[in-house]
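So you can see what is in the structure, the chains are spelled out below.
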Amino acid sequence: MSNFPCMRRFFIWQGTIMALSAFTMPNAVEMIEAAALLCPISYLDHITSRFVLRAVSLHLDQLLITLGLHQLNFRSDTGIQILDSLCDGHMDCNNLLASITGVNCCFNMTRMDYYLEYEPHPSSTKNLNHLFQMIRKGTFARFDYGWWGNLKRYGHIHPPAFNLADIPESLPLWMAYGGNDALADPIDVKRIIKGLKSEPVLVYNDSYGHIDFIMSVNAKDDVYANLIRFFQSYRWLSSY
Ligand SMILES: *[C@@H]1O[C@H](CO)[C@@H](O)[C@H](O)[C@H]1NC(C)=O
Ligand SMILES: *[C@@H]1O[C@H](CO)[C@@H](O)[C@H](O)[C@H]1NC(C)=O
């Protein structure tokens with residue numbers, strides 16, 4: 001079985017990190033009426049994903065920059081070599097999915113080949129570099145260009161942080177998170193919740209890993225029913 005589908009969560013986590021950073025900006029958040037976030041990520045201090053932590057400690061981002069590679073594509077020959085060396089003797093790469101996302105209670109492994117037709121997508125080296133910067137420094141902040149670059153772009157030596165308290169209290173939020181999620185650790189999710197002015201609607205499942213929120217065979221009952229109820233409580237969706 002190929003390792004490819006296991007990589008997908010690595011990049012898809014960005015849906016929530018991009019949303020949360022955008023919601024701190026008035027011109028972006030004014031376009032949103034309500035938002036539902038599956039296993040939201042902003043701070044990454046408690047990430048337990050062995051795969052990601054190993055990539056960070058091996059400075060995979062710096063390696064790609066040094067090699068002059070602008071994108072990480074695990075479908076390319078170089079990408080497959082990188083994957084092999086990340087795994088080499090350090091992880092159970094037969095279960096790469098769990099190494100990356102945490103143990104998923106309800107993912108249907110027999111459908112792996114189907115997901116493989118679409119995943120994983122490549123991502124830019126700069127993007128990876130930005131995520132790794134935040135993991136290393138424990139920040140939720142803009143890209144760090146180094147002090148001189150930061151000074152030119154932001155007018156500060158350090159990249160400006162995203163402040164969750166800047167998300168308007170009036171924006172209704174819904175969040176689901178899981179006890180086995182190695183990327184969105186419950187401690188980090190609770191930090192998001194504490195940092196917000198509003199009180200999001202929460203759905204927690206002790207046995208869910210990161211990928212379960214999209215691919216659990218029970219997600220319809222465990223997660224989506226609640227999510228749809230949340231959206232339906234807004235007129236704009238009820239009218240469909
Ligand atoms: C798991 O996937 C297989 C292959 O697509 C399918 O036949 C089976 O019904 C799925 N099981 C569940 C519980 O969804
Ligand atoms: C968590 O997920 C499991 C597996 O689908 C399910 O049996 C259980 O009812 C869920 N718990 C909650 C609190 O939704």
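Keep in mind that this is a model prediction, so the values were computed, not measured.

## Side note on the pattern of salt bridges
Close approach of charged atoms allows side chains with opposite charge to pair.
And then number 1: Tallied over the entire structure, the rule returns three salt bridges.
And then number 2: The residue Asp45 makes a salt bridge to Arg191 at a minimum N-O spacing of 3.2 Å. Here Asp45, found in the loop between strand 1 (35–38) and helix 4 (50–57), pairs with Arg191, found in helix 11 (residues 186–195); they are 146 residues apart in sequence, far enough to count as distant.
And then number 3: For Asp45, a relative accessible area of 38% corresponds to the partly exposed category.
And then number 4: Given a relative accessible area of 36%, Arg191 falls into the partly exposed group.
And then number 5: In this structure, Lys137 and Asp144 form a salt bridge, with 2.6 Å as the shortest nitrogen-oxygen distance.
And then number 6: Judged by its relative accessible area of 44%, Lys137 is partly exposed.

## Description of unusual backbone geometry
Note: most peptide bonds trans; most residues except glycine with negative phi.
And then number 1: In the Ramachandran plot, Cys39 falls in the positive-phi region, its phi being about 40° despite a non-glycine side chain.
And then number 2: As for its placement among the helices and strands, Cys39 is situated in the loop between strand 1 and helix 4.
And then number 3: According to the relative accessible area criterion, Cys39 is buried, its value standing at 1%.
And then number 4: A positive phi angle is found at His59, which is not glycine, with a value near 55°.

## Side note on the site of ligand 1
And then number 1: Close contacts around ligand 1 come from Asn108, Thr110, Arg111 and Val217, and that covers them all.
And then number 2: At a separation of 3.1 Å, an oxygen atom of ligand 1 approaches a polar side-chain atom of Thr110.
And then number 3: Between ligand 1 and Arg111 there is a distance of 3.1 Å, counted from an oxygen atom to a side-chain nitrogen or oxygen.
And then number 4: In the complex, the protein chains occlude 36% of the 360 Å² of accessible area that ligand 1 would expose alone.
And then number 5: Looking at the shell around ligand 1, its residues break down into one nonpolar, two polar and one charged.

## Re the environment of Phe107
And then number 1: Tracing the backbone shows Phe107 in the loop between helix 7 (96–101) and helix 8 (112–116).
And then number 2: Measuring from C-alpha to C-alpha, the distance between Phe107 and Val217 comes to 6.3 Å, with 110 residues separating the pair along the chain.
And then number 3: Apart from residues no more than four positions distant in its own chain, Phe107 is found in contact with Leu97, Met112, Tyr115, Ile211, Asp212 and Met215.

## Describing the pairing of strand 4 (residues 173–178)
And then number 1: Counting buried positions over the six residues of strand 4 gives six, a clear majority of the element.
And then number 2: Neither face of strand 4 is open: one carries Leu173, Met175 and Tyr177, the other Trp174, Ala176 and Gly178, and all of them are buried.
And then number 3: Pairing geometry for strand 1 and strand 4, over four bridges, is parallel. Residue pairing across strands places Leu37 opposite Met175, the latter belonging to strand 4.
And then number 4: Sheet topology note: the strand 4/strand 5 (residues 201–205) ladder contains five bridges and is parallel. In the sheet register, Gly178 faces strand 5, and the bridge partner there is Asn205.
And then number 5: Regarding topology, helix 11 serves as the crossover connection from strand 4 to the parallel strand 5, and that connection is right-handed.

## Digging into the nonpolar core
Nonpolar side chains in soluble globular proteins tend to end up buried together.
And then number 1: Counting 57 residues, the largest nonpolar core has Phe23, Leu60, Phe132, Phe140, Leu164, Ile167 and Leu173 as the members making the most contacts within it.
And then number 2: The residues contacting Phe23, other than those within four sequence positions of it, are Val29, Ile32, Ala35, Asp166, Ile167, Pro168, Leu171 and Leu173.
And then number 3: Among the nonpolar cores identified, the runner-up in size contains six residues, and Leu97, Phe107, Tyr115 and Met215 belong to it.

## Observations concerning the confidence of the model for the protein chain
And then number 1: Averaged over all residues, the pLDDT of the protein chain is 88; the fraction at 70 or higher stands at 90%.
And then number 2: Note on residues 1–12: pLDDT under 50 across the span, and 42 contacts to partners over four residues away in sequence or across chains.

## Side note on a nonpolar patch on the surface
And then number 1: Nonpolar side chains collect at one region of the surface, where Trp147, Trp148, Leu151 and Ile157 lie side by side and expose about 460 Å² of accessible area between them.
And then number 2: Structurally, Leu151 can be placed in helix 10 (residues 146–154).
And then number 3: The exposure class of Leu151 is partly exposed, given its relative accessible area of 34%.

About the thresholds
- Residues numbered from 1 in each chain as written.
- Chains lettered and ligands numbered in written order.
- Predicted model: local features only at pLDDT ≥ 70, side-chain atom pairs only at ≥ 80, totals over all residues.
- Heavy atoms only, no water.
- Salt bridge = Lys/Arg side-chain N within 4 Å of Asp/Glu carboxyl O.
- Helix = DSSP H or I, 4+ residues; strand = E, 2+ residues; numbered from the N terminus.
- Buried < 20%, exposed > 50% of the residue type's maximum accessible area, 1.4 Å probe, protein only.
- Near = heavy atom within 4 Å.
- Polar contact = N/O pair within 3.5 Å; in protein donor to acceptor, adjacent residues only side chain to side chain.
- Areas by Shrake-Rupley, 256 points an atom, 1.4 Å probe, with all protein chains shown as cover.
- Nonpolar A, V, L, I, M, F, W, Y, C, P; charged D, E, K, R; others polar.
- Contact = heavy atoms within 4.5 Å.
- Pairing = 2+ DSSP bridges.
- Right-handed = clockwise from strand over helix to strand, strands pointing away.
- Core = buried A, V, L, I, M, F, W, Y, C linked by side-chain atoms within 4.5 Å.
- pLDDT = per-residue confidence, 0-100.
- Patch = residues over 30% accessible without salt bridge, like charges linked within 9 Å, V, L, I, M, F, W, Y side chains within 5 Å.

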